[in-house]
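# Topology and contacts: notes
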Amino acid sequence: MLSRSDLTDVPITPGEVVRAVEDAYLALAAGESDNPRKLSVGHPEGTSVAYAMLGRDGRRRVVAMKTSYKFDPGHDRSTKRYYTTITLYDDATGLPIAMMDCARIGAIRTPAASALLVRETARADARSVLLIGTGTQGRNALPHLLAANPRLDRLMVYGTHTEGLRAVHDQLAAHHPGCELQTVPDPRAAAGEADIVLATAGPGTRVALESTDLAPGSVVVLVGYGLAPSTLTEADRVVATSAEQMTLTGTDMAGPDGRLRAVDAELPDILARRAIGRRTDSERIFVYNSGLVLTDIAVAHALAARAIAEGRGTEVRLWD
């Protein structure tokens, strides 16, 4: 058993996370791994939602089950509860490896996926990025983004929580001490100057950028909240980590007719060079980043191996 505190400071760099996540996508594209559609169940009044995700990583020979449960009445931070775990099994020996808290895993594999999505869809001359949101995803976004896109040199962030803004600055400085990060007062004005927009805000945000707020040739990546449906419905191209997952979790981005815009290309196919991320410099691209359990497995396996080697966690003789 590896708890949240067991995993908090296990060393792994953003570059290592990006490489692990990319390898997981490539294995899926090659048919070596399996990532079935996630199952979900929600309270009819919207006060809670739970997911279950099963996956098989053929390269690492690991099978895993991830579960998550969120209790979030009224999007109130004081009452919000979120729990997520992942259990790893060795598919070569048939033995369990670990049951782990998945908070840190989700906090770093998602921005790694965003980094790859940006790498494959941004213009070659892209230099500026606007980050919206300073929660867990926002705090981890920029170090992973720069690990895959080192050419980006104009970094902007918008947020309303002083503590969160400080954490975003501190996290960037820890990995890229020479980088300057500008806190902007107006997200719409900043979006008009940004080549890339990362929307990682929480559901309580008042920001909802419209398509008309975006610069020509820009890329917007939706991880949490911060974008209006028009950024999807009026996009020149739509890319997702998984079209199937988007139909399950992206329903709030449906257009006026109630329909969700179709996906033009998925990240695994783009990485495998079976699809194209960007066709022209002028097109505006909407990107939907939904988690695939295979990326959780890749990062969890790396963290578990390092934590166990350091003697962390508690051995539980569950099946004796």
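These numbers were taken from a predicted model, which means no experiment stands behind them. (Residues numbered from 1 in each chain as written. Predicted model: local features only at pLDDT ≥ 70, side-chain atom pairs only at ≥ 80, totals over all residues. Heavy atoms only, no water.)

In spatial order, the strands read E1-E2-E3-E4-E5; together these five strands make up an open sheet with antiparallel pairing. Each of the sheet's edge strands pairs with one partner strand only, and the pair in question is strand E1 (39-42) and strand E5 (96-101). Here the strands of the sheet are splayed against their neighbours by 10° on average, with no regard to which way each runs. Its contacts with the sheet put helix H3 (residues 103-121) on strand E3 (62-71), strand E4 (81-90) and E5, and the angle it makes with E5 is roughly 85°. The sheet contacts of helix H10 (residues 293-309) involve strand E2 (48-57), E3, E4 and E5, and relative to E2 the element is tilted by about 75°. (Pairing = 2+ DSSP bridges. Helix = DSSP H or I, 4+ residues; strand = E, 2+ residues; numbered from the N terminus. Axes fitted to C-alpha atoms, helices over the stretch in contact; angles between N-to-C directions. Contact = heavy atoms within 4.5 Å.)

Let us now look at the sheet that holds strand E7 (residues 154-158). The eight strands are arranged E8-E7-E6-E9-E10-E13-E11-E12 in an open sheet whose pairing can be described as parallel. Two strands close off the open sheet at either side, each with one partner strand: strand E8 (181-183) and strand E12 (265-266). Note that strand E9 (residues 196-199) and strand E10 (residues 219-222) share four bridges and pair parallel. If you follow Ile196 over to E10, its bridge partner there is Val219.

On the surface, Met1, Tyr89, Met99, Val316, Leu318 and Trp319 cluster together into a nonpolar patch covering about 640 Å² of accessible area. Summarising the element assignment, Met1 is placed in the segment before helix H1 (4-7). A residue is classified by how much of its surface remains accessible, and Met1, at 46% relative accessible area, is partly exposed. (Patch = residues over 30% accessible without salt bridge, like charges linked within 9 Å, V, L, I, M, F, W, Y side chains within 5 Å. Areas by Shrake-Rupley, 256 points an atom, 1.4 Å probe, with all protein chains shown as cover. Salt bridge = Lys/Arg side-chain N within 4 Å of Asp/Glu carboxyl O. Buried < 20%, exposed > 50% of the residue type's maximum accessible area, 1.4 Å probe, protein only.)

For the protein, the domain assignment lists domain 1 (4-105 + 293-310) and domain 2 (108-288). Its C-alpha centre places domain 1 at a distance of 22 Å from the equivalent point of domain 2. At the interface, 26 residues of domain 1 touch 25 residues of domain 2. Summed over the three residues of domain 1 that lose the most area to domain 2, namely Pro14, Tyr25 and Arg37, the buried surface amounts to 29% of that side. Linking domain 1 with domain 2 are two salt bridges, by the criterion used here. Here Arg119 makes a salt bridge to Glu22, at a shortest N to O gap of 2.8 Å. Those elements giving two or more residues to the side of domain 1 that touches domain 2 turn out to be helix H2 (14-29), H3 and H10. Broken down by element, the residue count for the side of domain 1 that touches domain 2 peaks at 10 residues, all from H2. (Domains from an automatic or database assignment. Buried area = accessible area lost by both parts, 1.4 Å probe.)

Now for H2. Over its 16 residues, H2 runs 23 Å from end to end, which matches the ideal 22 Å to within 8%, given 1.5 Å per residue. All buried positions along H2 are accounted for by Pro14, Gly15, Val17, Val18, Ala20, Val21, Glu22, Ala24, Tyr25, Ala27 and Ala29. Contacts from the buried residues of H2 go to H3, helix H4 (136-148), helix H5 (162-175), helix H9 (267-271) and H10. (Expected span 1.5 Å × (residues − 1).)

So, on to unusual backbone geometry. Its identity is not glycine, yet Arg61 carries a phi of approximately 55°, on the positive side. The topology assignment puts Arg61 in the loop between E2 and E3.

Another aspect to go through is the pattern of salt bridges. Under the defined criterion, the tally for this structure stands at 21 salt bridges. A salt bridge links Arg123 to Asp125, with the nearest nitrogen and oxygen atoms 2.8 Å apart. For Arg123, a relative accessible area of 13% translates into the label buried. Overall, Asp125 belongs to the partly exposed group, its relative accessible area being 46%. Arg154 serves as the salt-bridge partner of Glu193, at 2.8 Å between the closest nitrogen and oxygen.

Counting 64 residues, the largest nonpolar core has Ile86, Met100, Leu198 and Leu303 as the members making the most contacts within it. Top element by residues in this core is H10. It accounts for 10 residues. Each of two domains, domain 1 (4-105 + 293-310) and domain 2 (108-288), supplies a minimum of three residues to this core. Here Leu198 is in contact with Val118, Val129, Leu130, Leu131, Ile132, Ala141, Leu145 and Val221, once residues within four sequence places are set aside. (Core = buried A, V, L, I, M, F, W, Y, C linked by side-chain atoms within 4.5 Å.)

Attention shifts here to the pairing of E2. Pairing of E1 with E2 involves four bridges; the strand directions are antiparallel. Looking across to E2, one finds that Gly42 is bridged to Val49. Hairpin connection, E1 to E2: the antiparallel pair is bridged by five residues, and Gly46 has positive phi, about 80°. Across 10 bridges, E2 lies against E3 in antiparallel orientation. Bridged to Ala52 within E3 is Thr67. Hairpin connection between E2 and E3: a loop of four residues separates the two successive antiparallel strands, and Arg61 in this loop has a positive phi of roughly 55°.

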